[in-house]
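Here is what each chain is made of, one letter per residue.
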Amino acid sequence: MTATDVATSFDFDCAAGRIDAPLVASAKGEIEARGVYFPGHGGPARVDEIPRALAAIYRGRVAGDRLQLSIELTDDHQRLGPFELRRGAQPQV
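Predicted, not measured: the structure shown is a model, and the values here were computed from it.

1. What about unusual backbone geometry?
Looking along the chain, the bond that leaves glycine 81 and enters proline 82 is cis, with omega of 15 degrees. Within the secondary structure layout, proline 82 lies in strand β7 (residues 79–86). One non-glycine residue, histidine 77, adopts positive backbone phi at about 60 degrees.

Listed below in structure tokens is the structure:
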């Protein structure tokens, strides 16, 4: 996860996601934001491939240096996660 003042991006093993707004937690540490999820596929991406962008809602809770994150694909209400992210930790696939 990479968060800036204007957007947040996520890189998963075979997928990615993006929120085009600042990710701000409530006083209780809860987050909820609309964005897009880009599912991956087996094998390399073709040079001319246009990634499929699915509307998604990112929900989670921040506690200290950890974020519990779940993603809901809005078209079919499929839920992905939860994922646990820790600030400064090496990614585990």
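2. Some remarks on the side chain of glutamate 72
Relative to the helices and strands, glutamate 72 resides in strand β6 (residues 66–73). On the accessibility criterion, glutamate 72 (8% relative accessible area) is buried. A polar contact of 2.8 Å, which involves the side chain of glutamate 72, links it to the side chain of histidine 77. When near neighbours in sequence (up to four residues on either side) are disregarded, glutamate 72 contacts Ala55, Ala56, Ile57, Arg59, His77, Gln78 and Arg79.

3. Side note on the pattern of salt bridges
Evaluated as defined, the whole model comprises seven salt bridges. Arginine 59 is paired through a salt bridge with glutamate 32; the nearest N and O atoms lie 3.2 Å apart. Pair noted here: arginine 59 is in strand β5 (residues 54–63) and glutamate 32 is in strand β4 (residues 30–39), with a separation of 27 residues, a long-range link. Salt bridges here are not isolated pairs; linked through shared partners, they connect Glu32, Arg59, Glu72 and Arg79.

4. Some words on the sheet that holds strand β3 (residues 15–19)
An order of β1-β2-β3-β4-β5-β6-β7 is seen for the seven strands of this open sheet, with the pairing classed as antiparallel. Of all strands in the sheet, those with a lone pairing partner are β1 (2–3) and β7, marking the two edges. Bridge count for β3 against β4 is four bridges, and the pairing is antiparallel. Residue pairing for β4: alanine 16 is matched across the bridge by phenylalanine 38.

5. Concerning the environment of glycine 88
Looking at where glycine 88 falls in the secondary structure, it is placed in the segment after β7. Given a relative accessible area of 77%, glycine 88 falls into the exposed group. Put simply, glycine 88 and methionine 1 are 87 residues apart on the chain and 10 Å apart in space, counted from C-alpha to C-alpha.

Thresholds applied
- Residues numbered from 1 in each chain as written.
- Predicted model: local features only at pLDDT ≥ 70, side-chain atom pairs only at ≥ 80, totals over all residues.
- Heavy atoms only, no water.
- Helix = DSSP H or I, 4+ residues; strand = E, 2+ residues; numbered from the N terminus.
- Buried < 20%, exposed > 50% of the residue type's maximum accessible area, 1.4 Å probe, protein only.
- Polar contact = N/O pair within 3.5 Å; in protein donor to acceptor, adjacent residues only side chain to side chain.
- Contact = heavy atoms within 4.5 Å.
- Salt bridge = Lys/Arg side-chain N within 4 Å of Asp/Glu carboxyl O.
- Pairing = 2+ DSSP bridges.

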